[in-house]
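What follows is the residue order along each chain.
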Amino acid sequence: KIAFRNHTKHKIQSIISLLSLAVAFACIALAGYWTYYEQTYDSTLPNYDHIYKIAYKRPGGTISDKEWYMPLPKYLMEKYAEVDKACGLNKRWQYLLLEINNHTFSSTCTAINPEAVDMFDIEWIEGNKNMESWNENDVAISEQLARKVCGKESPVGLELSLKSLINKDTVDRMEKFPIVAVFKTRPKHTNFKFDILTLLPSNLRYERCETYVQLNPKANVEQFLQKLMVDSVREVKLRAHQFNVLTPLKEVHQAYPEKRPNVRLDDVRLFTGAAALLSICALLNYLTLFISRLRNRGRDMALRSICGSSSWQTGELLMVEYLLLLFGSLLVSILFIELLFDS
C-alpha cells in the first residue's frame, strides 16, 4: 500500500514511466513473435528438420526452384540412399474460375505426387484416400471449400468445372473434373496452401514443378548435395542442370516467397534490436527518475528509521515500489498486444 501511495504522489512521472515501459515491452514481444512466426512455417510437419527444396543456381546467379519433371522425384528415390521420400508440386493453373453447385469462385489447382501426402501431412476426411488409384482428371477439395459450396452435404461424386484463364479476363480452356475426395483444410502458417489437389502423372516428361526431398535423419546433407551436383551434370535425366542449392524447409518461406515481401526478415531483426534498445532506455530513464525521487525523500526515509524501520525493511519497500511499476507496465503491454491481435 505504501509503495502504491508513493507512486500516486508522482502521478505524471509514474504514468509516463509505465506507458513508455509498456510500449517498449510490447515492441519486443511483437518483434520476437514476428521473427518466430517467419521462421517456423510448416514446423508442425513430421520430419520438418529433414525436408529440403532442390534448386539450381544459373550462371548469372539467379536461382530457379522449378525444374522439368522428367520424373525427378522418382529418380531421386531410386538413385540416392539418403532420400527417404521425394515429391513434386506444381500449381498447374495460376488463374482459375471454378464452378460447383452453381457457385463460382477463383482459386488455384495444385498437382502433387502421392508421396507429398505424408511429407506435407495432408489429412483425408472422406472419399478415395489412395492417390495412386486416382485417374488423371480426379481432384480433391479442401474441407473449407466443400462446406462453402455444398454445406453439410458431401461433394464427392460432383463435377468441378474449371475455366483456365490466360489472364484474369481471358478464358483459355474449360474442363470438368470429378471430385473424388475431401482433405482437411491446410493451416494458414504453411508454404503449401491449396484448396484443390490433383495427381501429378508419373509418366510426364515435361512438367515444371518444385521438388522436395525428405532425407534420412542419419544422412550427411553436404555429401548428398555434392553427389547431386556431380550427378546432375552427368545424367541426362536431370537435364544437365547442376542442382547445387538445398534449402531447408524452415527457410523456404523467406527464400521463395509467393509474393514480393514488403519487409524482409533482416528488417524484422533490426526492429527487434531497436525495440530492445528502446526498452533499455526506458528502464534507465525510470531508474534515473526513481533515484532522483529518493533524494527528495530524505526526510521520509529518516522518519521511518526513527520510527523503528530497519535498513532491510526500507530497502524492501523501495524494491517493491520499483517492481510494482515494472509489473504494471508488463500488464499494460499485454493489454496492448491483445488489442492489436483482436483488431
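(A) Broad picture of the overall build of the chain. Looking only at helices and strands, one finds 10 helices and 12 strands in the chain. Within the span of the chain, comprising 343 residues, buried residues form 41% of the whole. Contacts in the chain between residues at least 24 apart in sequence constitute 75% of all its contacts with a sequence separation of at least 6. Counting every atom, the chain has about 19900 Å² of accessible surface; 56% of that belongs to carbon and sulfur.

(B) Structural detail: the packing of aromatic side chains. Using the criterion set out here, one finds 9 aromatic pairs in the structure. Both rings, one in Tyr-80 and one in Phe-224, keep their centres 5.4 Å apart while their planes meet at 85 degrees; by these two values the pair is edge-to-face. Here Tyr-80 is found in the loop between α3 (72-79) and β4 (83-100), whereas its partner Phe-224 is found in helix α6 (residues 221-234), with 144 residues between them in sequence. Accessibility assignment for this pair places Tyr-80 and Phe-224 in one class, buried. Between Trp-124 and Phe-183, the ring centres sit 6.3 Å apart and the planes meet at 90 degrees, which makes this aromatic pair edge-to-face. Here Phe-183 lies in strand β9 (residues 171-183) and Trp-124 lies in strand β6 (residues 124-127), a separation of 59 residues in the sequence. Across the pair, exposure class does not vary: Trp-124 and Phe-183 are buried alike. Among the aromatic residues, those joined into a ring-pair cluster are Trp-124, Trp-134, Phe-183 and Phe-194.

(C) Inspection of unusual backbone geometry at higher detail. Here Asp-42, not a glycine, exhibits a phi torsion of approximately 60 degrees, which is positive. By the secondary structure assignment, Asp-42 is in the loop between α2 (11-38) and β1 (51-57). You can call Asp-42 buried: its relative accessible area is 3%. Residues other than glycine seldom take positive phi values, yet Asp-121 does so here, at roughly 55 degrees. As for its position among the elements, Asp-121 is in the loop between α4 (116-119) and β6. Taking relative accessible area as the criterion, Asp-121 reaches 34% and is therefore assigned partly exposed.

(D) Quick look at helix α5 (residues 143-150). Buried within α5 we find Leu-145, Ala-146, Val-149 and Cys-150. Considered in projection along α5, the buried side chains sweep an arc of 100 degrees and stay on one side of the axis. Along α5, the residues that are exposed and aim more than 90 degrees away from the buried face are Gln-144, Arg-147 and Lys-148. Just past α5, the residue Gly-151 takes up positive phi, approximately 65 degrees.

(E) Quick look at the pattern of salt bridges. The full count for this structure, using the stated rule, is 4 salt bridges. Residue Glu-210 pairs with Lys-53 through a salt bridge whose shortest N-O separation is 3.1 Å. Highlighted residues: Glu-210 in strand β11 (residues 208-215) and Lys-53 in strand β1, separated in sequence by 157 residues. According to the relative accessible area criterion, Glu-210 is buried, its value standing at 14%. By relative accessible area, Lys-53 is classed as buried at 2%. Notably, a salt bridge pairs Arg-147 with Glu-143, separated by 2.9 Å at the nearest N-O pair. Here Arg-147 pairs with Glu-143, and both are found in helix α5, just 4 residues apart, close to one helical turn.

The rules behind these values
- By convention here, each chain's residues receive numbers from 1 onward along its written sequence.
- Reporting in this predicted model follows two pLDDT cut-offs: at least 70 for local features of residues, and 80 or more for side-chain atom pairs to be given and counted; totals over whole chains, interfaces and linings ignore these cut-offs and use all residues.
- Excluding hydrogens and water, the side-chain values take into account all heavy atoms of the structure.
- Only DSSP runs of H or I reaching four residues or more are called helices, and only runs of E reaching two or more are called strands; each is numbered from the N terminus.
- Burial classes: relative accessible area under 20% of the type maximum marks a residue as buried, over 50% as exposed, and values in between as partly exposed (1.4 Å probe, protein chains only).
- The contact rule is simple, with two residues in contact once any of their heavy atoms fall within 4.5 Å.
- Here the Shrake-Rupley method, with its probe set to 1.4 Å, supplies the accessible areas, and only the displayed protein chains count as covering residues.
- Under the pairing criterion, centres of Phe, Tyr and Trp rings, with the six-membered ring standing for Trp, must be within 6.5 Å; the plane angle then separates stacked pairs below 30 degrees from edge-to-face pairs above 60, leaving the rest tilted.
- The reported arc concerns the directions from the helix axis to the C-beta atoms and nothing else.
- A pairing counts as a salt bridge when a side-chain nitrogen of Lys or Arg comes within 4 Å of a carboxyl oxygen of Asp or Glu.

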